[in-house]
Amino acid sequence: MTLTAKSVSRVALVSSLVAAVAGAAVLLAAPASGAASTLAAAAEQSGRYFGTAVAANKLGDSTYVGILNREFDMVTAENEMKMDATEPNQGQFSFSNGDRILNQARNQGKRVRGHALAWHSQQPGWMQNMSGSALRSAMLNHVTQVASYYKGKVYAWDVVNEAFADGGGGGRRDSNLQRTGNDWIEAAFRAARSADPNAKLCYNDYNTDNWSNAKTQGVYNMVRDFKSRGVPIDCVGFQAHFNSGNPVPSNYHTTLGNFAALGVDVQITELDIEGSGSGQAQQFQGVTQACLAVARCTGITVWGIRDSDSWRSSGTPLLFDGSGNKKAAYTSVLNALNSGGTGTNPTTTTTTTTTTPGEQPGGCTATYSEGQKWSDRFNGNVTVSGTDNWVVTVTVSSPQKVIATWNTSPSWDSSGNVMTARPNGSGNSFGFTIQHNGNWSWPSLTCSVG
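In the nomenclature of an unreviewed UniProt entry, the protein chain corresponds to Beta-xylanase from the organism Umezawaea tangerina. The UniProt entry for the protein chain carries the following comment under Catalytic activity (unreviewed entry): "Endohydrolysis of (1->4)-beta-D-xylosidic linkages in xylans." Listed in UniProt under the heading Sequence similarities (unreviewed entry), the comment for the protein chain reads: "Belongs to the glycosyl hydrolase 10 (cellulase F) family."

(A) Up close: the state of the cysteines. One pass over the full model with this rule turns up three disulfides. With its sulfur 1.9 Å from that of its partner, cysteine 202 forms a disulfide with cysteine 235. Between cysteine 202 and cysteine 235, the S-S torsion sits near -75°, and that sign places the bridge as left-handed. One end of the pair, cysteine 202, is in strand E5 (residues 200-205); the other, cysteine 235, is in strand E6 (residues 235-238), and 33 residues separate them in sequence. Both residues of the pair, cysteine 202 and cysteine 235, belong to the buried class. Here the bonded cysteines of the protein chain are numbered in sequence order, and their pairing is 1-2, 3-4, 5-6.

(B) Molecular detail of helix H11 (residues 328-339). The terminal C-alpha atoms of H11, which comprises twelve residues, lie 17 Å apart, in line with the 16 Å expected from a rise of 1.5 Å per residue. Burial runs high along H11: nine of the twelve residues are buried. Taken as a whole, H11 has its buried residues at Ala329, Tyr330, Thr331, Ser332, Val333, Leu334, Asn335, Ala336 and Leu337. Residue glycine 340 follows H11 closely and has a positive phi angle near 75°.

(C) Main features of the packing of helix H6 (residues 132-149) against helix H7 (residues 184-195). H7 packs onto H6 with a crossing angle of 30° between their chain directions and a minimal axis gap of 8 Å. The angle between H6 and H7 places the two elements in the roughly parallel class. Taken as a pair, H6 and H7 cross one another with a handedness that is right-handed. Facing H6, whose interface residues are Arg136, Met139, Leu140, Val143, Thr144, Ala147 and Ser148, H7 presents Trp184, Ala187, Ala188, Ala191, Ala192 and Ala195. Of the residues in the contact of H6 with H7, the class split is ten nonpolar, two polar and one charged.

(D) Just the pattern of salt bridges, in detail. Applying the stated rule across the entire model yields 18 salt bridges. Among the salt bridges present, the one from arginine 136 reaches aspartate 183, with a minimum N-O distance of 2.8 Å. Of this pair, arginine 136 sits in helix H6 while aspartate 183 is found in the loop between strand E4 (156-161) and H7, placing the two residues 47 residues apart along the sequence. Its relative accessible area of 15% is what places arginine 136 among the buried residues. Residue aspartate 183 is classed as partly exposed on the basis of its relative accessible area, which comes to 40%. Taken together, the shared-partner salt bridges in this structure form one network comprising Lys58, Asp61, Arg306 and Asp309.

(E) Spatial organisation of the environment of alanine 295. One can find alanine 295 in the loop between helix H10 (277-292) and strand E9 (297-302). Here alanine 295 falls in the partly exposed class, since its relative accessible area comes to 41%. Sequence spacing of alanine 295 and aspartate 265 is 30 residues, and the spatial spacing of their C-alpha atoms is 8.8 Å.

(F) Fine view of the sheet that holds strand E13 (residues 390-395). The strand order E15-E16-E13-E18 describes an open sheet built from four strands, whose pairing is antiparallel. Each having just a single partner strand, strand E15 (409-412) and strand E18 (444-449) make up the two edges of the open sheet. Averaged over all neighbouring strand pairs, the angle between strand axes comes to 20°, with direction disregarded. Here four bridges tie E15 to strand E16 (residues 418-422), and the two strands are oriented antiparallel to one another. In the strand pairing of E16, serine 409 is matched with arginine 422.

Cut-offs applied
Residues numbered from 1 in each chain as written. Predicted model: local features only at pLDDT ≥ 70, side-chain atom pairs only at ≥ 80, totals over all residues. Heavy atoms only, no water. UniProt positions renumbered as here; feature names shortened; annotations may be inferred. Disulfide = S-S within 2.5 Å. Helix = DSSP H or I, 4+ residues; strand = E, 2+ residues; numbered from the N terminus. Buried < 20%, exposed > 50% of the residue type's maximum accessible area, 1.4 Å probe, protein only. Expected span 1.5 Å × (residues − 1). Axes fitted to C-alpha atoms, helices over the stretch in contact; angles between N-to-C directions. Parallel < 35°, antiparallel > 145°, perpendicular 65-115°, else oblique. Left-handed = near helix turned anticlockwise from the far one by under 90°. Contact = heavy atoms within 4.5 Å. Nonpolar A, V, L, I, M, F, W, Y, C, P; charged D, E, K, R; others polar. Salt bridge = Lys/Arg side-chain N within 4 Å of Asp/Glu carboxyl O. Pairing = 2+ DSSP bridges.

Written as structure tokens, this is what we have:
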């Protein structure tokens, strides 16, 4: 991602995962005694990484490098491994700046994500003027040569970047690469696997955060198709560029979980959130918790180190200010990581809304929808249709506990994990608060006529 590579415009999403509510706490205190004191160390506690994008021309900046070495354990080259940088002239490859970043990272014991092998943007001039079979051949040669050069040195590659169109259609972006044939993405992945069998191969895109978006569904359907046909894809990257017009969606962890359920890792690859203070801190906290809630969310990468290093620096979207000082957003992320979580993946993977219906014989339907979330708990809402004489059984997964209810007369079994809810004269909807204790999975519902 660079400012010239993509417009900062984003499709507005409906709601924020971490909307400010009365009494909602943001974790801004210093880490508890004994907790990890850096982002990388805190993420490693749950088997994840915490990375950043790096520019080669800033490796002489002592403040920049000091933060990089201290805080992060995964590195992505911001521009130095893209197509125009690595093959400026056809058949003539240049890896010097990419190597500077890779060697600096590896000398510090850090891993590297490769970004990106094939993309409609930031192509060298010679490639922009090609089409058809000549372009297809040149693209595959580029993928093969670059992945082969870095074989064994790169943890994962964004093999294809941003191939889907914005808007409501959910289809592919019109580009010179797309016009070589609809199988070009598959061909790129197969070439990358042949060149470096041990690197994780990822598809990476933006505006795929909201599960209800057509673009998200388009990417999901492609990944599902690839997995069903044995196309080598190991991970999906979610760029996660957020701002006030495009906040973290309330179903973000659902999106991550549904992709993970296809059998791929999910990674937050280019995170930045415009804003400041507690509002920005809440958004960063919510993204971190969403990753922690999904077992196959293997790591988070922020797109830059200091606000002044960002491709949208005027929005102050990163964890460190221009002087390298930690912001409130940094502390909220660190504390969320220290809270840990192994995550579970939702079993509801095909719905295109944020509700999960459960229906039993007798004409009773209970529909669950997500409510507000905090660092330690979340709300759920249930709407019942088909009868006014209903009984809904709500089962939570250990170590979750229901700690509050409304609009129902509940009872519990001996384990405390199964709640039986009945109407109390307040209509056919009720709700509850779940203390998640590190498990963000949804409860299961059954509904019967009382």
